[in-house]
Amino acid sequence: MRLSHYFLPLLRENPAEAQIVSHRLMLRAGMVRQSSAGIYSWLPLGLRVLRKIEGIVRAEQDAAGAQELLMPTVQPAELWRESGRYDDYGEEMLRIVDRHQRDMLYGPTNEELITDIFRHNIKTYRDLPKNLYHIQWKFRDEVRPRFGVMRGREFLMKDAYSFDLDLAGARRSYNKMFLAYLRTFARMGLKAIPMRADTGPIGGDLSHEFIILADTGESQVYCDSAWLETDVLSTDVTYEDDLEPFFRRWTSLYAATEEKHDAANCPVPAERLLAARGIEVGQIFFLGNKYSAAMNATVVGPAGEKIVPEMGCYGIGVSRLVGAIIEASNDDAGIIWPAGVAPFEAGLINLRAGDAACVDAADSLYATMNNAGIDTLYDDRAESAGTKFAGMDLIGLPWQVVVGPRGLQKGVVEVKNRGTGQREEMTAEAAINRLKAAP
Ligand code: ATP
Ligand code: MG
């Protein structure tokens, strides 16, 4: 992509309305614009990151055996009357009346709708277990939307719902999602710690929140500092395995949210206990038959008996993750994207847009990078070197390749790693090989 054509409205100044670094940087890097409180438009650069995150979430859900569908954002109130939540949910629910005076709502979550789909289409025990998910916009009329996309009113969530014949099956489904979540967040360069959590209004009695530690987080959390040394991607386990040992191992290190933390009986010695702020990026719940029973969703068992399935639900804050990743990875100059979620793999800078030799060299390197499959943002504008460097640092692509007159005379370009800040001169060919070899 040539920057001269790209819609990337960068801001030089820190916007006054942004209180935390991720919100400031997302506005300055031209990723989002607010349309009303807690509701955002995603501009091209921000949308690329959102899609990358969605892609990782989708791949890991699919690998865990969940199947994607897509439910609507607008739901009928009658389903929520069946579960009793139409009244219970309170003011966070955006209620809508259609032209026929029917009560509708903009979905804050989807337990009722998925249970309705289930009861009309799944009739026998042979069809279980099932885990169905979608990645869809939600609306919650939060009292205090703030921190940009971290606490929005309209936000993108992945929500999965599992249906099992018995408790043991529900436990297997829960464990699969537990593993999928650890892998999902690790692939985004995040250390998300599974913490025993309250189930809140969703109900049920087993739940983990996945929390990344950050000073700007809204949750108070407590965990064993040994969590900081763990690496889940090194664990060799598959979804076909019995995941109970895996689950036990990854829950044996203490971690609890404030609601679950019991200071008097905490098993971790004081010098190892970390009290910190955290951002909730996902949560998983065992629901039992709360929704299936209330909504009369049953299947016929092997002896003709009625079975009320055991359910679980599993959410990931896809749009919140964009902010959360920036909170975890930035410096004074801007964002530092982990490779897996970066909007482009590399930025190419031509330092002298007025110099024919530089233009030729940069154009041809751009073509070679494209051919090599390196997704590149090419700053071909007639701006000063300082503006170009600052812009590239701000948007945080993992690699920068700089073409300038002095280097050209020596037959080299400069390659900078945004994360380490390390710069190195090398031939254009070596630069391409370096980028191709990068993870
Ligand atoms: P919170 O405690 O932050 O209000 P929640 O527990 O109500 O979140 P869940 O129902 O567990 O949220 O939703 C699943 C995920 O969706 C959360 O883990 C979070 O990452 C994300 N999420 C929830 N509310 C918002 C919001 N207002 N803006 C952005 N993301 C959100
Ligand atoms: Mg939650």
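The preceding data block contains the structure.
Residues numbered from 1 in each chain as written. Chains lettered and ligands numbered in written order. Predicted model: local features only at pLDDT ≥ 70, side-chain atom pairs only at ≥ 80, totals over all residues. Heavy atoms only, no water.

What follows is about the overall build of the protein. Looking only at helices and strands, one finds 13 helices and 23 strands in the protein. Considering only C-alpha atoms, the protein reaches an extent of 80 × 60 × 45 Å along its principal axes. Every one of the 439 residues in the protein was classed for burial, and the buried ones make up 53%. For the protein, the proportion of contacts with a sequence separation of at least 24, taken over those separated by at least 6, is 71%. Summing over all exposed atoms, the protein offers an accessible surface of approximately 19,500 Å²; the carbon and sulfur share of this is 48%. For the protein, the centre of its 50 positive side-chain charges and the centre of its 60 negative side-chain charges are spaced 2 Å apart. (Helix = DSSP H or I, 4+ residues; strand = E, 2+ residues; numbered from the N terminus. Buried < 20%, exposed > 50% of the residue type's maximum accessible area, 1.4 Å probe, protein only. Contact = heavy atoms within 4.5 Å. Areas by Shrake-Rupley, 256 points an atom, 1.4 Å probe, with all protein chains shown as cover. Lys, Arg positive; Asp, Glu negative; His and termini not counted. Charge placed at Lys NZ, Arg CZ, Asp CG, Glu CD.)

Here we take up the coordination of the magnesium ion (ligand 2). Those donors, E280 (OE) and Q283 (OE1), are the protein atoms that reach the magnesium ion (ligand 2), and they lie 2.0 to 2.1 Å from it. Judged by its relative accessible area of 24%, E280 falls in the partly exposed class. (Donors = N, O, S within 2.8 Å, 3.2 Å for Na, K, Ca; no water.)

Among the nonpolar cores identified, the biggest contains 84 residues, and M31, I53, F185, M188 and W337 are the most heavily contacted of them. Of the residues forming this core, the biggest block, ten residues, is contributed by helix α6 (residues 167-187). Ignoring sequence-local partners within four residues, the contact set of M188 consists of I53, I56, V57, L321, I325, P338 and V341. (Core = buried A, V, L, I, M, F, W, Y, C linked by side-chain atoms within 4.5 Å.)

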